[in-house]
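Residue strings, one per chain:
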Amino acid sequence: MAALSHLPRVTRRAQARLGLILVLPVMALVIIFFLFPMISALYFSVVDFDGLDPTPPFVGAANFSELFGDPEVWRALGRNAIWIVIGTAAPMVIGLVVALLVWTVRSGSVVYRLIFFLPYVLPGIAIGIVWGWIYDPVSGWLNRALDLIGLGALQRGWLGDPNTALYAVLVTAIWATCGFVIMVVLSALRNVDTELVDASRIDGAGPFDRLLHVILPQVMPVLLMVLTLILVGGFSVFDIIFIMTGGGPADATNVLGTYAYKNAFQLNRIGYGTALALLITVLSIPFAVGLNRLQRRLSLQGTGA
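Reading the values: the criteria
Residues numbered from 1 in each chain as written. Predicted model: local features only at pLDDT ≥ 70, side-chain atom pairs only at ≥ 80, totals over all residues. Heavy atoms only, no water. Helix = DSSP H or I, 4+ residues; strand = E, 2+ residues; numbered from the N terminus. Buried < 20%, exposed > 50% of the residue type's maximum accessible area, 1.4 Å probe, protein only. Contact = heavy atoms within 4.5 Å. Salt bridge = Lys/Arg side-chain N within 4 Å of Asp/Glu carboxyl O. Axes fitted to C-alpha atoms, helices over the stretch in contact; angles between N-to-C directions. Left-handed = near helix turned anticlockwise from the far one by under 90°. Nonpolar A, V, L, I, M, F, W, Y, C, P; charged D, E, K, R; others polar.

Trainee: Run through the overall build of the chain, naming residues and quoting values.
Mentor: When you go through the chain residue by residue, the secondary structure sums to 12 helices and zero strands. Secondary structure of the chain in N-to-C order comes out as α-α-α-α-α-α-α-α-α-α-α-α. Expressed as lengths along the three principal axes of its C-alpha atoms, the size of the chain is roughly 85 × 70 × 30 Å. Classification of the 305 residues of the chain by burial places 36% in the buried group. For the chain, the proportion of contacts with a sequence separation of at least 24, taken over those separated by at least 6, is 68%.

Trainee: Requested: an account of the pattern of salt bridges, with residues and values cited.
Mentor: One pass over the full model with this rule turns up five salt bridges. With a closest N to O distance of 3.4 Å, D161 and R156 form a salt bridge. Judged by its relative accessible area of 31%, R156 is partly exposed. Across the salt bridge formed by R201 and D198, the nearest N and O atoms sit 2.9 Å from each other. A residue pair is termed a helical-turn pair when its members lie 3 or 4 positions apart in one helix, as R201 and D198 do in helix α8 (residues 194-202) at three residues. For R201, a relative accessible area of 43% gives the class partly exposed.

Trainee: So what about the packing of helix α3 (residues 71-103) against helix α9 (residues 207-235)? Which residues, and what values?
Mentor: Interhelical geometry of α3 versus α9 gives an angle of 145° and a closest axis separation of 10 Å. Considering the relative orientation of α3 and α9, their crossing is right-handed. Where α3 abuts α9, its residues N80, W83, I84, G87, T88, P91, M92, L96, L100 and W103 lie against L211, I215, L216, L223, V226, L227, I230, L231, G234 and F235. Class assignment for the residues of the contact of α3 with α9 results in 16 nonpolar, four polar and no charged.

What follows is the structure, given as structure tokens:
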């Protein structure tokens, strides 16, 4: 009896030790890749560090004060806003439409999924280089195609024109992102209750009504997850712009990410560049938290919790 009375306590201790062992690797990753970089960023944002001085002077909130008074920050933020609106809405709409079309395909759906997902798994460098060739004003096939169909007047240096550079890069990003949306939404559509869809069809609901009232409510949590990832990525976009234009021409594609990079690594103003990076984080957190809470609420409603 004594042994039995001590068994629950021993079991709880063993479970606690096992839980600690299982959590330690994750805690180590969080400390190394999140807490330590965040603490370092906070430190560098309040000092005037040029990358060489081992004891940079403390400047307090001077970097942030300069940030809010810097007109280029607001212009870069405006370009981020354009990127977020178009770069989020376009892949969501295109991805949903294509996923719905592929969902109804009975044969060859695997081939379609591979074709649509391929752009997303390609390295960003490769995508930027290839689309740079496409936009080439002399030998790029986009200008050649426009000339072949009689629209030669529209030919231009797409990445060299300040009026079109941002949108040209944005088209590339949309093309690369659509595959991810298609695959995730298609996976969610596989779990849609087709009996409800068939019942709504029998009741006389049209395709749009079935989509709006039957299909979308069942995949909405997944759509919100995808929306969160793409929208937050719009705040921190850097790689595709840096590869294709470097923020030019004439800063026409300069967003917060490229502006932070320019200050930190080209002008050796690491403190100011870090402050810009923290601004990106602060701006994206409310959207991420809000959409995540909405997604969780819809998921709990779907499970009846």
